[in-house]
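Coordinate inspection notes
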Amino acid sequence: MSSVDISTIEEAMKMANLDTLRGYAQNHYGEVQQYAATEYISQNQALGYQVLNEPLWNKGLSFTPEQRVSKNLTGLIPHVMEDTSKQVERALKMIRTRQTGIDKYLYLSTLKSQNTDLFYRLLIDHAKEMMPLVYTPTIGDVCLQYSTLYTRPEALYISIKQRKSIRTILKNWPHPNPEICVVTDGSRILGLGDLGVNGVGIPIGKLALYTAAAGIHPDRTLPIVLDCGTANETNLKDPLYLGLRQKRIPVSEQQEFMDEFMEAAREVYPGMVVQFEDFESEKAFNYLDRYRDSYKCFNDDIQGTGAVVLAGYIGAVNLSGVPIEEQRLVFMGAGSAGVGVAKQLVEYYTKRGLSEAAARDKFWLVDTKGLVTKDRGDKLADHKKYFARTDNNGHQFRTLEEVIEYVKPSALVGLTATFGIFTESIIRALKASVDAGGLGRRPILFPLSNPLTKAECTFEQAVNWTDGTVLFASGSPFSNYSVKTGDHVQTYYPNQGNNVYVFPGIGLGAILAKATRVTDDMIYTSAAALAGALNADEIHKGLIYPRIERVREASIIVAREVMKSARREGVSALPESQWLEWEEWGDPALTKYIKEHIYDPTTL
Ligand SMILES: O=C([O-])CC(=O)C(=O)O
Ligand SMILES: [Mg+2]
């Protein structure tokens, strides 16, 4: 809580002893300051090895000579005194000389468990290089190998066998009052399928981003995996697998387990926002529907992905030369993310004045059986029915090629978890259909599946097969691509349309507004806020998202707008007087409040 006015607490220290400081803090400070005061007391009382072994107190080699004496640290650390930047330099050297993504991840994970400030300094200041190591794509490999990589617990593991003890388990978490929980059942980890308990890497990674991108205090985050068995045969056969060695339980049994979990979580941590992550589609939609009106929760894959793609789509349409009324979108993939994104875009169109039916008409969803139509003859999953087409005159379009030929889309979105499914002929057909509408028009192509090994096409392919005209966003990060013709080098910049641009801000906004629900408008607002967060340089470069180095700035803007939406929606439990004050002073006052309430790693 470095943003807390420690000098004031120090003043309190002068006038009171440590015991009365706590009372002083309770009487005079808000919750955050109380937390800081407690931290302050603990830090000042802890000595020697205890300080070094507590990642939030450990300052590595930055302890001053006085601190080394007063905290009994002399001789426990090397003699040199270094500032943060020197220690960041060492960490960077270490990471850059490791050979594999996993090795780099393991180093970072150890650092995180030993020196919180240093880890987050590194992650925040070197976001472009570090985020892919802590999150997608590396986290995908980590989850695949988690049973082997495991050395220590970093999350709560709640198995169906422990149904009766959910409250006890939640209370066993060592940090008081978590504000945000990311929970998965491991059933659809990125595009990698059912990884069972090994999917826990996702909540861990997402919560590290909550801290790096939105400044939620690391001690206030809670990763959880619900172990309901797994359909993954490789895991079940692996003697080192860490989860329950049984097939996934039936959906109805998991529903009861989930009900119990949600109730217990609210009872034990009433202030906590719950983010559902990487549940397979049917459960993802069911749980969101079931809990959204009575719990503080949202689904990142449906709503977070929906919002981030909407933000990018707004930017892309502006650059595409294809007027919004003429846009026609083909979605390859009709799972939680595909349908979630399409619905978010429908909302965008309806907000721009289209009827819901006219908006829905702009979307053609394709799954493994072809175009999703009402009369296809198979039993459509409930979440697909909304988008089932009726304009096919009894004809079924079985392949993506046929659909593109029929629809002549302006935008193609991929959420299939199938590498390379956007082939050269498909991408060229997309370009041709956009070109046919007039000169200077640009195709929108979003291969969004994660990690990179599941991306529907690469950035290089997209550029080459559209003669450089593509407006591109992928879920995992691709590098810039340069093409040399004679002496001229043309560099193309990809966009990363990843939900990391919105979920941290949605969570932070909901927490700070003391939202009792996460409403559709809060999600929609996060997209609009992100679309408006680009700076002049990014607009000049033709980007549709802020550069990833600016994710923290973007998250603060997203959080601010989400807070305001919570207030408009009547779900903010903050006192009216607080809102009136912000209304009087406007965005700068609210932004200041947010900045004062977020964690910023101490830099020495
Ligand atoms: O984790 C990511 O990078 C995006 C995401 O939610 C997913 O692919 O499920
Ligand atoms: Mg996800």
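Given the structure is predicted, the values throughout are model-derived calculations rather than measurements.

Within the span of helix 21 (residues 400–407), buried status applies to Leu400, Val403, Ile404 and Val407. The buried side chains of helix 21 occupy one side of the element, clustering within an arc of 100° when seen end-on. Buried positions along helix 21 lie against strand 6 (329–332), strand 7 (363–367), strand 8 (370–371), strand 9 (411–414) and helix 22 (424–435).

Structurally, the protein chain comprises domain 1 (6–78), domain 2 (85–279), domain 3 (303–492) and domain 4 (499–596). Here domain 1 packs against domain 2, burying approximately 970 Å² in sum over the two surfaces, 41% of which is carbon and sulfur. At the boundary of domain 1 with domain 2, the tally comes to one salt bridge. The shortest N-O distance in the salt bridge between Lys59 and Asp117 comes to 2.9 Å. Linking domain 1 to domain 2 there are six residue pairs in polar contact (both at pLDDT 80 or more). Taken together, the residues that form the side of domain 1 that touches domain 2 break down as five nonpolar, three polar and two charged.

Before going further, it helps to spend a moment on the packing of helix 6 (residues 84–96) against helix 9 (residues 127–134). Across the interface, helix 6 lies against helix 9 with an axial gap of 12 Å and an inter-helix angle of 55°. With respect to helix 9, the axis of helix 6 lies oblique. Handedness of the helix 6/helix 9 crossing: left-handed. Mapping the contact onto sequence places Leu92, Ile95 and Arg96 in helix 6 and Glu129, Met130 and Leu133 in helix 9. Taken together, the residues that form the contact of helix 6 with helix 9 break down as four nonpolar, no polar and two charged.

Turning our eyes to something else, we now look at the packing of aromatic side chains. Tallying each qualifying case throughout the model produces 21 aromatic pairs. An angle of 80° between the planes, with centres 6.3 Å apart, marks the rings of Tyr349 and Phe363 as edge-to-face. With Tyr349 in helix 18 (residues 336–351) and Phe363 in strand 7, the pair connects residues that are 14 residues apart, well separated along the chain. Take Tyr349 and Phe363: they sit in the same class, and that class is buried. Ring centres 4.9 Å apart and planes at 85° place the aromatic pair Tyr386 and Phe387 in the edge-to-face group. Taking relative accessible area as the criterion, Tyr386 reaches 22% and is therefore assigned partly exposed.

About the criteria used
Throughout this document, residue positions are counted from 1 along each chain, in the order its sequence is written. Note on labels: chains are lettered from A, ligands numbered from 1, in written order. Confidence filtering applies because this is a predicted model: local features only for residues at pLDDT of at least 70, side-chain atom pairs given and counted only at 80 or more, and all residues used for totals across whole chains, interfaces and linings. In computing side-chain properties, one takes all heavy atoms of the structure into account and sets aside hydrogens as well as water. Note on exposure labels: buried denotes an accessible area under 20% of the residue type's maximum, exposed denotes more than 50%, and partly exposed covers the range between, all computed with a 1.4 Å probe on protein chains only. Here a strand is any run of E in DSSP of at least two residues, a helix any run of H or I of at least four, and the numbering for each starts at the N terminus. Taken from the helix axis, the directions to the C-beta atoms give the arc we talk about. Contacts are assigned to residue pairs that have any heavy atoms within 4.5 Å of one another. Per the annotation, domain bounds derive from an automatic or database assignment of domains. In this description, buried area is defined as the sum, over both parts, of the accessible area (probe of 1.4 Å) that is lost when the two are combined. Salt bridges are defined by distance alone: a side-chain nitrogen of Lys or Arg within 4 Å of a carboxyl oxygen of Asp or Glu. Two N or O atoms form a polar contact when they lie within 3.5 Å of each other; inside protein one atom must be a possible hydrogen donor and the other a possible acceptor, and for residues adjacent in sequence the pair counts only when both atoms belong to side chains. Amino acid classes used here: Ala, Val, Leu, Ile, Met, Phe, Trp, Tyr, Cys and Pro are nonpolar; Asp, Glu, Lys and Arg are charged; the rest, including Gly, are polar. A fitted line through C-alpha atoms serves as each axis, taken over the contacting stretch for helices, and the angle formed by two N-to-C directions is quoted from 0 to 180°. The cut-offs work like this: below 35 degrees is roughly parallel, past 145 is roughly antiparallel, 65 to 115 is roughly perpendicular, and the gaps in between are oblique. Definitions for this section: a left-handed crossing has its near helix turned counterclockwise from the far helix by less than a right angle. A right-handed crossing has that turn clockwise. A pair of aromatic rings is counted whenever rings of Phe, Tyr or Trp (Trp by its six-membered ring) have centres within 6.5 Å, and the orientation is called stacked for planes under 30 degrees apart, edge-to-face for over 60 and tilted otherwise.

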